[in-house]
Structures are given as structure tokens and as C-alpha cells.
Amino acid sequence: MFGFGKRGPASDADARKQAIERAKEACLKELREMHEATPDAAERLHKRLKDRCAADKSLPFDFKRALLEKARTYECDANMRETDRLLHEATRLAAEEHMTERAKKLGAARRHFSKACTLGADENFRKAAQRAMETIMLTGGVHQKGPTKAKPADFAPKTPNRAKA
């Protein structure tokens, strides 16, 4: 009676539109979380967005494509930030002659660098990171304690200061 039990075609369309808007808003909320996330969190959120877009057939194709492209960009940015941070730490450790810690940081930076390159890092970042890695590899580990063949110990007696005599 009075139309409470059945929905009309207009209310079905409105309900579908509202469901699509809610799904879009949930996806955009996750995308905003990715903006400043760590690389691991960004990768996890990117995978979750991919799964959600694959499962939800009601979302428009253009929206899905733009959303996943932006998520990929954010994940790339997170890996680039982490690479830069690790390279700065490795540079500091190389200058302080902490070679094992430098190697660990450099290895982690290389992993994030390769991930960023896979996700589409620009050419300027690639060149700068590679130059930084080469510089870090050449920095540190050259100081020897004690005499070497190039700088032997000075065994000659000191000359007396004759100016004061």
C-alpha cells in the first residue's frame, strides 16, 4: 500500500549513484592516506586500491584509471623519499668511517631506488641517485692507522732548534 514495499526506478538509480559516490569517497580517502606514507604502507595501500577497483564493477573506468595512476605516483614518491633519506644517512656514515652501517644503508637505498625506477621515477632523480651512490662508494675507508708504504713512519731524530741557542 502507499509504495513502502517496492522501490521505483528513480529510487534505484539514486541508490546506485549514492553507492558509487560512497565507493569513490572511500577510494579517495585511501589515496589521501598514501600521500605521506612510508614505502611499505604506500605499497600496501596501492595493492588494496587495485583489489578494490578490480572487485567494484560499479566504479567508472576513467575514475579507476586516474585513481590507480595517482596511487602509482604516490608509491613512487614514497620510494624516492626513502631512497634520498637513506643516501644521506649512508653519506654521513661513510664520512664517519662506519663502513658496515654504510653498506646496509646503501643496500636499502638501492632496493628503494630500483622500486622507484620500476614505478616510473624521472630521469633527473635516477641520475642524481646513481651519482650519489657512486660518491658514497668512493667515500671513506681510505685512512690507515699507523705507517703505510706511501707514508712510512718517521724514524729520523728531530733536528735541534738552533735559533734559541
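The text that follows walks through the structure, step by step, so that each part is easy to find.

Each value, and the rule that gives it
- Residues numbered from 1 in each chain as written.
- Predicted model: local features only at pLDDT ≥ 70, side-chain atom pairs only at ≥ 80, totals over all residues.
- Heavy atoms only, no water.
- Helix = DSSP H or I, 4+ residues; strand = E, 2+ residues; numbered from the N terminus.
- Rg over C-alpha atoms; globule rule 2.2 N^0.38 Å.
- Buried < 20%, exposed > 50% of the residue type's maximum accessible area, 1.4 Å probe, protein only.
- Contact = heavy atoms within 4.5 Å.
- Lys, Arg positive; Asp, Glu negative; His and termini not counted.
- Charge placed at Lys NZ, Arg CZ, Asp CG, Glu CD.
- Phe/Tyr/Trp six-rings, centres within 6.5 Å; stacked < 30°, edge-to-face > 60°.
- Lys NZ or Arg CZ within 6 Å of the ring centre and 35° of its normal.

It is worth spelling out the overall build of the chain at this point. Scanning the chain for helices and strands turns up five helices and zero strands. Scanning the chain from its N terminus toward the C terminus, one meets helices and strands in the order α-α-α-α-α. Relative to a compact globule of 165 residues, whose C-alpha radius of gyration would be 15 Å, the chain shows 30 Å and is clearly more extended. Within the chain, buried positions represent 29% of all 165 residues. In the chain, once contacts between residues fewer than 6 apart in sequence are set aside, the share between residues at least 24 apart is 66%. For the chain, the centre of its 36 positive side-chain charges and the centre of its 25 negative side-chain charges are spaced 4 Å apart.

Moving on, we come to the packing of aromatic side chains. Scanning the entire structure with this criterion turns up one aromatic pair. Taken together, a centroid distance of 6.0 Å and an interplanar angle of 40° make the contact between Phe 113 and Phe 125 tilted. Pair noted here: Phe 113 is in helix α4 (residues 99-119) and Phe 125 is in helix α5 (residues 123-138), with a separation of twelve residues, a long-range link. Phe 125 carries the same exposure label as Phe 113, and that label is buried. In this structure, Lys 24 packs its charged tip against the face of Phe 63, placed 5.4 Å from the ring centre.

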